[in-house]
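Report on the structure
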Amino acid sequence: MNRLVLAVVISIAALGSIGQAPQSPQAAAGPYKVLKMAKVGGEGGWDYIYADSAGRRLYIPRRGAPGGSPQAPAATAATPAATTAGDAKPAAPVVQTRLSIYDLDTLELVKEIPEVGGNGTAVDPKSGHGFTSSRAVSMFDTKTMTLIKTIDVAPAAPDGILFDSFNQRVYVFSHPTKDATVIDAKDGSVLGKIDLGGVPEQGVADGNGMLYVVMQDMPGSVTAVDVNTMKAVAHYPLEDKGRCNGLALDAKNHVLFAACGNSGNPPAQPAVPMMVILSSTDGKIITSLPLAGGSDGAAFNPSTMEAFSTQGNGTLTVVKEKSPTSFEVEQNLQTMNGARTIAFDSKTNHILTMSQERGPAPTPPPAGGRGGQGPAIPGSFTIVLIGK
């Protein structure tokens, strides 16, 4: 009898994995669910995911591995195997750096631009120019999906990136130099740099001349920037919250949502992630709410008045803005382990994230501490589509 029950359970699980994700207990507790898990494959590192709602494209830079990668044991046309004279079998295949471009509606691969990688992407719909936060920054044509030129931003090490429609400028954030490089989206010229006073991660713009950037420092803060003068005009401390990677903005009500990885002074062990909600006008903290894990991205939907945070432990936290002074955790949804960055499609109200499956993690070091990740399973890279 037990064997029969087990066989039925396995069969149901297998059917549930075809076409869409099986629903978790968390999914039933709120309005959001995983609508689709598109296993698009492709090897190589990744960081940010970017949805161009107007152009209906989804951009994911993939980082290569010269000389081969443990993530790609089988050679393909895109990742030819390297060989060495005298070897009986080929070495591990080379994983190529490229920008993967998907159809935002079908999640099917449209094209890949070779040698255009980096961490994130930003697109100016008006000029049709896209940019990736690579060294050097790559500028490409969104219509022909071809590289236009590269832009030297040294000594910056590009990480986060943001396009602001207010003045058609792109802001590229650098951890080691603690600044933002400002690029004219129309022609790719570098207009200057902004000292942010901390280690910058995600930035948001209000569309009216203000830019806000969350700092990763412990304790953390948000830097407010006047984009006309290209100068920081305020620094909003987040009390004892830090390791903040995500930032979202309700521009109408001037509310910021900072997704922070830890709290406490000294920092709590184990970590206590929190969403700090504060005024973008003066930095006054309104409240703080618990997150289901350590975040690496946040977004806000003005049509539903909800903020979202994606966490590396495979959860999505939804915060409902009941009023400009009242907020609550509406849902913690199970997504996919490692799905830590986020994109929001304003046309469909869908949230997108991504991850890949991994094998067993290696044994932690004998002296204690956190062990490394398990090896990535080839072909398992997946785009996760979330909605109501």
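Residues numbered from 1 in each chain as written. Predicted model: local features only at pLDDT ≥ 70, side-chain atom pairs only at ≥ 80, totals over all residues. Heavy atoms only, no water.

**Some points on the confidence of the model for the chain**
- When pLDDT is averaged across the chain, the result is 88; 84% of the residues are at 70 or more.
- This stretch, residues 1–28, has a pLDDT under 50; its non-local contacts, to residues over four places away or in other chains, come to 16 contacts.
- The low-confidence segment residues 66–86, where pLDDT is below 50, has 41 contacts with residues more than four positions distant or belonging to other chains. (pLDDT = per-residue confidence, 0-100. Contact = heavy atoms within 4.5 Å.)

**Notes on the pattern of salt bridges**
- Under the defined criterion, the tally for this structure stands at ten salt bridges.
- Of the charged contacts, one joins glutamate 112 and arginine 98 as a salt bridge, the two residues approaching to 3.2 Å between their closest N and O atoms. Taken together, the residues glutamate 112 in strand β5 (residues 109–114) and arginine 98 in strand β4 (residues 98–103) connect sequence positions 14 residues apart.
- Given a relative accessible area of 28%, glutamate 112 falls into the partly exposed group.
- Relative accessible area serves as the criterion here: at 9%, arginine 98 is assigned to the buried category.
- Across the pair glutamate 306 and lysine 388 runs a salt bridge whose closest N-O atoms are separated by 3.9 Å. In this pair, glutamate 306 is assigned in strand β23 (residues 306–311) and lysine 388 in the segment after β28 (382–387), connecting sequence segments 82 residues apart.
- Looking at glutamate 306, the relative accessible area reads 0%, which means it is buried.
- Within the structure, one salt-bridge network assembled from shared partners comprises Asp47, Asp296 and Arg340. (Salt bridge = Lys/Arg side-chain N within 4 Å of Asp/Glu carboxyl O. Helix = DSSP H or I, 4+ residues; strand = E, 2+ residues; numbered from the N terminus. Buried < 20%, exposed > 50% of the residue type's maximum accessible area, 1.4 Å probe, protein only.)

**Thoughts on the state of the cysteines**
- In this structure the tally under the stated criterion is one disulfide.
- Across a sulfur-sulfur distance of 2.1 Å, cysteine 244 and cysteine 260 are joined as a disulfide pair. Disulfide cysteine 244-cysteine 260: torsion about the S-S bond near 95 degrees, hence right-handed. Note that cysteine 244 is positioned in strand β18 (residues 242–250) and cysteine 260 in strand β19 (residues 255–262), a separation of 16 residues in sequence. (Disulfide = S-S within 2.5 Å.)

**Quick word on the layout of surface pockets**
- Approximately 1,200 Å³ is the volume found for the largest pocket.
- What lines the largest pocket is a set of 45 residues, among which Tyr50, Leu162, Phe163, Val204 and Phe344 lie closest to the centre.
- Looking at the lining of the largest pocket, the elements with two or more residues in it are β2 (50–52), β6 (121–124), β10 (158–164), β14 (200–205), β18, β22 (295–301) and β26 (343–345).
- Residue classes in the lining of the largest pocket are distributed as 23 nonpolar, 13 polar and nine charged. (1 Å grid on protein atoms, 1.4 Å probe; cavity = no way out; pocket = protein on both sides within 12 Å on 5 of 7 lines; lining within 4 Å. Points joined across faces, edges and corners; volume = space filled by probe spheres on them. Nonpolar A, V, L, I, M, F, W, Y, C, P; charged D, E, K, R; others polar.)

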